[in-house]
Amino acid sequence: MRKITTLALLATGLVALGCGAGSTDDTTSKADAGGAKGDDKPKTAKIGQPARDGKFEFTVKSAKCGVAKLGSSLVGAKAQGQFCLVTINVKNIGKESQMFDGSSQKAYAANGTEYSSDSGAAIYANQNAETFLNDINPGNQVTGVVVFDIPKNVKLAKLELHDSPFSGGVTVALS
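Parameters and conventions
Residues numbered from 1 in each chain as written. Predicted model: local features only at pLDDT ≥ 70, side-chain atom pairs only at ≥ 80, totals over all residues. Heavy atoms only, no water. Salt bridge = Lys/Arg side-chain N within 4 Å of Asp/Glu carboxyl O. Helix = DSSP H or I, 4+ residues; strand = E, 2+ residues; numbered from the N terminus. Pairing = 2+ DSSP bridges. Phe/Tyr/Trp six-rings, centres within 6.5 Å; stacked < 30°, edge-to-face > 60°. Buried < 20%, exposed > 50% of the residue type's maximum accessible area, 1.4 Å probe, protein only. Lys NZ or Arg CZ within 6 Å of the ring centre and 35° of its normal. Polar contact = N/O pair within 3.5 Å; in protein donor to acceptor, adjacent residues only side chain to side chain. Contact = heavy atoms within 4.5 Å.

Student: How would you summarise the pattern of salt bridges if you had to cite specific residues and measurements?
Tutor: This model, assessed by the stated rule, comprises two salt bridges. With its nearest N and O atoms 3.1 Å apart, the salt bridge here joins Arg52 to Glu57. Of the charged contacts in the structure, one is a salt bridge between Lys55 and Glu96, with a shortest N-O distance of 2.7 Å. A residue pair is termed long-range when its members are at least 10 positions apart, and Lys55 in the loop between strand E2 (50–53) and strand E3 (56–71) and Glu96 in the loop between strand E4 (76–92) and strand E5 (98–99) qualify at 41 residues.

If you want it as structure tokens, here you go:
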């Protein structure tokens, strides 16, 4: 019985390794993210500079914090602290459609605290939400707003933008 268990574990491990071997994932190399080949870290992009992760090229157009409420007086979202509205252009540079997911994007304060996006509030910040959250076909691009609800006394230092929840991401400095 022990031999069968050992063989089963070994076979499972080999299958798992085989699934990843020779993978042709479209994730971006460090050089594509802006860093030179051989660097340990990709270069950090700035507002207005394109930065690539996987099948997407991101260009952060602006970041505005200090917003207390989004929407109208009848319907909307009220910030727990303050909303930071980050306007991003997303271009599909891949060879197949890819969905941009705002919930895969992260923001960071200078001390390293990580903030998740607020998808509910983003509905009120994007007039064309149906376009922004749908699949983006190769060569096409959309512009939309990713919303972060952060404490009033916090200032965002950088974003980590991802083409999918499992990608390595690319960093964009906000200051």
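The discussion continues.
Student: Can you explain the sheet that holds strand E10 (residues 156–161)? Please cite residues and give values.
Tutor: Two strands in a sheet stick together by hydrogen bonds in their backbones, pointing the same way (parallel) or opposite ways (antiparallel). With mixed pairing, five strands are arranged side by side in an open sheet as E1-E11-E10-E6-E7. This sheet does not close on itself; its edge strands, each paired only once, are strand E1 (45–46) and strand E7 (114–116). Pairing geometry for E10 and strand E11 (residues 170–173), over four bridges, is antiparallel. If you follow Leu161 over to E11, its bridge partner there is Val170.

Student: How would you summarise the packing of aromatic side chains if you had to cite specific residues and measurements?
Tutor: Under the definition given, this model contains three aromatic pairs. A ring pair is formed by Phe56 and Phe58, whose centres lie 5.9 Å apart and whose planes are at 75°; its orientation type is edge-to-face. We classify Phe58 as buried; its relative accessible area is 1%. In this structure an aromatic cluster arises from ring pairing among Phe56, Phe58 and Phe100. For Lys158, the ring lying beneath its charged end belongs to Tyr108, and the centroid distance is 5.3 Å.

Student: Residue-level account of the side chain of Gln98, with values.
Tutor: With respect to the helices, strands and loops of the structure, Gln98 is situated in strand E5. Given the relative accessible area of 14%, Gln98 is considered buried. Side-chain polar atoms of Gln98 contact the backbone oxygen of Asp163, separated by 2.9 Å. In this view, Gln98 contacts Lys55, Phe56, Asn92, Asn134, Asp135, Ile136, Asp163 and Ser164; residues no more than four positions away in its chain are not counted.

Student: Any details on the environment of Asn134? Residues and values, ideally.
Tutor: Mapped onto the elements of the fold, Asn134 is located in the loop between helix H3 (129–132) and strand E8 (135–136). A relative accessible area of 42% means that Asn134 is categorised as partly exposed. With 34 residues separating them along the chain, Asn134 and Phe100 place their C-alpha atoms 7.1 Å apart. Dropping the residues within four chain positions of it, Asn134 is found in contact with Gln98, Met99 and Phe100.

Student: Outline the environment of Leu174, listing residues and values.
Tutor: Structurally, Leu174 can be placed in the segment after E11. Its relative accessible area of 16% is what places Leu174 among the buried residues. Note: C-alpha distance between Leu174 and Ala63 (111 residues apart in sequence) is 7.3 Å. Those residues in contact with Leu174 that lie beyond four places of it in its chain are Ile47, Val60, Ala63, Leu156, Ala157, Lys158 and Leu159.

Student: So, the pairing of strand E9 (residues 141–150): which residues are in play, and what are the values?
Tutor: Among the ten residues in E9, eight count as buried, and that is most of the element. As paired elements, E4 and E9 share ten bridges and run antiparallel to each other. By the bridge assignment, Ile88 is partnered in E9 with Gly144.

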